[in-house]
Structures are given as C-alpha cells and as structure tokens.
Amino acid sequence: MGNNYFDPIGLRVDPGTTVQFELAAGAHSATAYADRIPEGASAFDSGMISDGSFEYTFETPGTYDYYCIPHKSIGMVGRIVVGSPGGPAEEDSIPDGEVPSSEAIVDQGTVAYGSSSDGSGNTGGGMIGRGGSGMMSGRNGGGVGGLPAVGCVLGMLGVLGGGLYWLGNQKSPQSTTDDSARKTLQNRYARGEIDEEEYRRRRERLDATDEDISN
C-alpha cells in the first residue's frame, strides 16, 4: 500500500493462501467491496492503518475487488483472483478506478500498478504470502532482426517522431505549476494533513483554473 495505490494491483493466489497487505507510505486500508466478492466469502477490512501490515486468508475461490477507505474516490483499488475468476465482481466494472482483467491476472500471476487495464506492461511483486516467498511473474520480450540499413532508418524515424511528440505536448509554465500544485495537494491528502472535503474543494479550484486558461 503506497501513496494512493496498491502494488501489485492484481494478484492470483490458490485457495487457502494468506496475503499480507504491507504499508509502504501514508495511512490506508484494504477493504473488500461487500458486493464484489464470491458468494459465501467474508468481506475483509483492515480498517485504517498507519504502520505495519494486514493479513487475510482467502479460502473461497473467485474474484475479490477491494479499495482503500479514504482514497477509493481517487482510484486506490485492487483485485485478487483466488483459484479462478468468478462471482459478482465479474458481472460489471469496478465502481472506483480501474483494475486489470481477471484473465490477465490469472495469466501473469501478478500485475504491477501502472500496467494497462489488460495487464500488459511491467509486472512485479509487492504482496507476499505466508512463508516469505514473493509471488512474481513476468514475460520476456522478443526482438525482431533485420538489415542494418533498415534498423538505421527506423531509428532515425523514431527520433524524429519523438521530437515531434515532444513539441506537440509542451506545457505552458502555468500548466506545469498547476501539475505541481496537484501533486503537492495529493501528497498532503495521503499524509492525512487535509480531509477529503478540503481535498475535493482545492482540486475543483485547480480544475477551474485550467478551464479559465483553455478558454
């Protein structure tokens, strides 16, 4: 549990596995959606913790979606598949943020925070089952061979495209300042220095400033 995210955001375990949610920064909770867990399973809830970790043993097979109590509105959510996917979580999209598809989680075992919704991207381990062995999964990419001249041309095109992309996405000084303000605001919220109502009020004010600039 980091600054407003779970990492990994997707994890597949066998029934009977104890998963440890370890706090890395801030104050968070690991709280199951009561209506997005398998039938017959209990809805786990760590409550707010600011130090240490929380453990839960997953006995019932199926899909479990969970969230952080103070940060679900900004997308701090995760998914664990026990055995194989199943249950209410598979019927519709998670109401807050995004989680990887259960198929991607089963395929990879562990899906790192920051991967796309289909689970592609880098994978890593952050949750550890009892016994101390990390649950990690990854894929090796493959290169494509070709003539040196072709590689040179493709490399030049890549540099040119990157330059054009950079020019097209330059931000104004005001935009950069607003981004910095948002980051500072989010960090203060994660540390508990301001409550959710104050966070929303200040965020809306920053968004209104952006609209004024664009108009």
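Rules of the game
- Residues numbered from 1 in each chain as written.
- Predicted model: local features only at pLDDT ≥ 70, side-chain atom pairs only at ≥ 80, totals over all residues.
- Heavy atoms only, no water.
- Salt bridge = Lys/Arg side-chain N within 4 Å of Asp/Glu carboxyl O.
- Buried < 20%, exposed > 50% of the residue type's maximum accessible area, 1.4 Å probe, protein only.
- Helix = DSSP H or I, 4+ residues; strand = E, 2+ residues; numbered from the N terminus.
- pLDDT = per-residue confidence, 0-100.
- Contact = heavy atoms within 4.5 Å.

(A) Just the pattern of salt bridges, in detail. Applying the stated criterion across every chain, the model contains four salt bridges. Its salt-bridge partner being Arg12, residue Asp14 comes within 2.6 Å of it at the nearest N-O pair. According to the relative accessible area criterion, Asp14 is partly exposed, its value standing at 43%. Using a relative accessible area of 27% as the deciding quantity, one classes Arg12 as partly exposed. A salt bridge links Asp92 to Arg36, with the nearest nitrogen and oxygen atoms 2.5 Å apart. On the criterion of sequence distance, the pair formed by Asp92 in the loop between β6 (77–82) and α1 (102–108) and Arg36 in the loop between β3 (31–32) and β4 (53–58) is long-range, its members being 56 residues apart. Taking relative accessible area as the criterion, Arg36 reaches 4% and is therefore assigned buried. Here the salt bridges do not stand alone but share partners, grouping Arg36, Asp65, Arg79 and Asp92 into one network.

(B) Quick peek at the confidence of the model for the protein chain. On average, residues of the protein chain score 77 in pLDDT, and 66% of them reach the 70 mark or higher. With pLDDT under 50 throughout, residues 122–150 is counted as low confidence; its partners more than four residues away or in other chains account for 46 contacts.

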